[in-house]
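Residues per chain, in single letters:
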Amino acid sequence: MLRKDNPMNRAISLALIFEVVVFVLAIPGMIQVDDVPIGLAMGAGGAAALVPLLAAALLRRPVGWVFAWLAQAAGLALGLLTPWMYVVGGAFALLFVVSFVLGRRIEQSTPRS
């Protein structure tokens, strides 16, 4: 797991917060562009936005990382309701995986104080 003071933790937290914003903004897109029923769009988009919010808040604990990985799956799952979210969710998932892998490599090469 990444150290709590790792700058990559901050970068991943920031990416998760951006995911919250994008998932909330996807709600009107689902309704207007793809004619998803309002209740379904609000429920799915709201639930998908809640997951990265919890992840960002809990990232210093192991459960936060579980939520962070689930947030990537939630972003891709929104693609079931509106296909353009496959692209957006995939971009965020790629950003998350690259940040995670690079953060682990940096942590392993940095001596602990």
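Residues numbered from 1 in each chain as written. Predicted model: local features only at pLDDT ≥ 70, side-chain atom pairs only at ≥ 80, totals over all residues. Heavy atoms only, no water.

Draft legend 1. Just the packing of helix α1 (residues 7-34) against helix α3 (residues 62-77), in detail. The N-to-C vectors of α1 and α3 enclose an angle of 40°; their axes lie 11 Å apart at closest approach. Classified by the interaxial angle, the pair formed by α1 and α3 is oblique. α3 is crossed by α1, and the crossing has left-handed handedness. Note on element contacts: α3 touches α1 through Trp65, Ala68, Ala71, Gln72 and Gly75, opposite Asn9, Ile12, Leu16, Glu19 and Phe23. Its residues assigned to classes, the contact of α1 with α3 shows six nonpolar, three polar and one charged. (Axes fitted to C-alpha atoms, helices over the stretch in contact; angles between N-to-C directions. Helix = DSSP H or I, 4+ residues; strand = E, 2+ residues; numbered from the N terminus. Parallel < 35°, antiparallel > 145°, perpendicular 65-115°, else oblique. Left-handed = near helix turned anticlockwise from the far one by under 90°. Contact = heavy atoms within 4.5 Å. Nonpolar A, V, L, I, M, F, W, Y, C, P; charged D, E, K, R; others polar.)

Draft legend 2. Highlighting α1. Across its 28 residues, α1 extends 38 Å between first and last C-alpha, which sits within 8% of the 40 Å expected from 1.5 Å per residue. The largest bend along α1 measures about 30° and falls at Pro28. Restricting attention to buried positions, one finds in α1 the residues Asn9, Ile12, Ser13, Ala15, Leu16, Glu19, Val20, Phe23, Ala26, Ile27, Gly29 and Met30. Along its buried surface, α1 packs onto α2 (38-57), α3 and α4 (84-109). Note on α1: the residue one or two positions beyond its end, Asp35, has a positive phi of about 55°. (Expected span 1.5 Å × (residues − 1). Bend = angle between axes of the 7 residues up to and from the residue. Buried < 20%, exposed > 50% of the residue type's maximum accessible area, 1.4 Å probe, protein only.)

Draft legend 3. Spotlight on the nonpolar core. In this structure, Val20, Phe23, Ala26, Ile27, Met30, Val36, Ala41, Ala48, Ala49, Ala74, Leu78 and Met85 together form the largest nonpolar core, which totals 12 residues. Listed by contribution, the elements that provide at least two residues to this core are α1 and α2. With five residues, α1 is the largest single contributor of residues to this core. Ala56, Leu59, Ala71 and Phe100 belong to the second-largest nonpolar core, a separate cluster that totals 11 residues. (Core = buried A, V, L, I, M, F, W, Y, C linked by side-chain atoms within 4.5 Å.)

Draft legend 4. A look at the packing of aromatic side chains. Taken as a whole and assessed by the stated rule, the structure comprises five aromatic pairs. Here the aromatic rings of Trp65 and Phe96 are separated by 6.4 Å at their centres, their planes lie at 45°, and the arrangement is tilted. With Trp65 in helix α3 and Phe96 in helix α4, the pair connects residues that are 31 residues apart, well separated along the chain. Among the aromatic residues, those joined into a ring-pair cluster are Trp65, Trp69, Phe96 and Phe100. (Phe/Tyr/Trp six-rings, centres within 6.5 Å; stacked < 30°, edge-to-face > 60°.)

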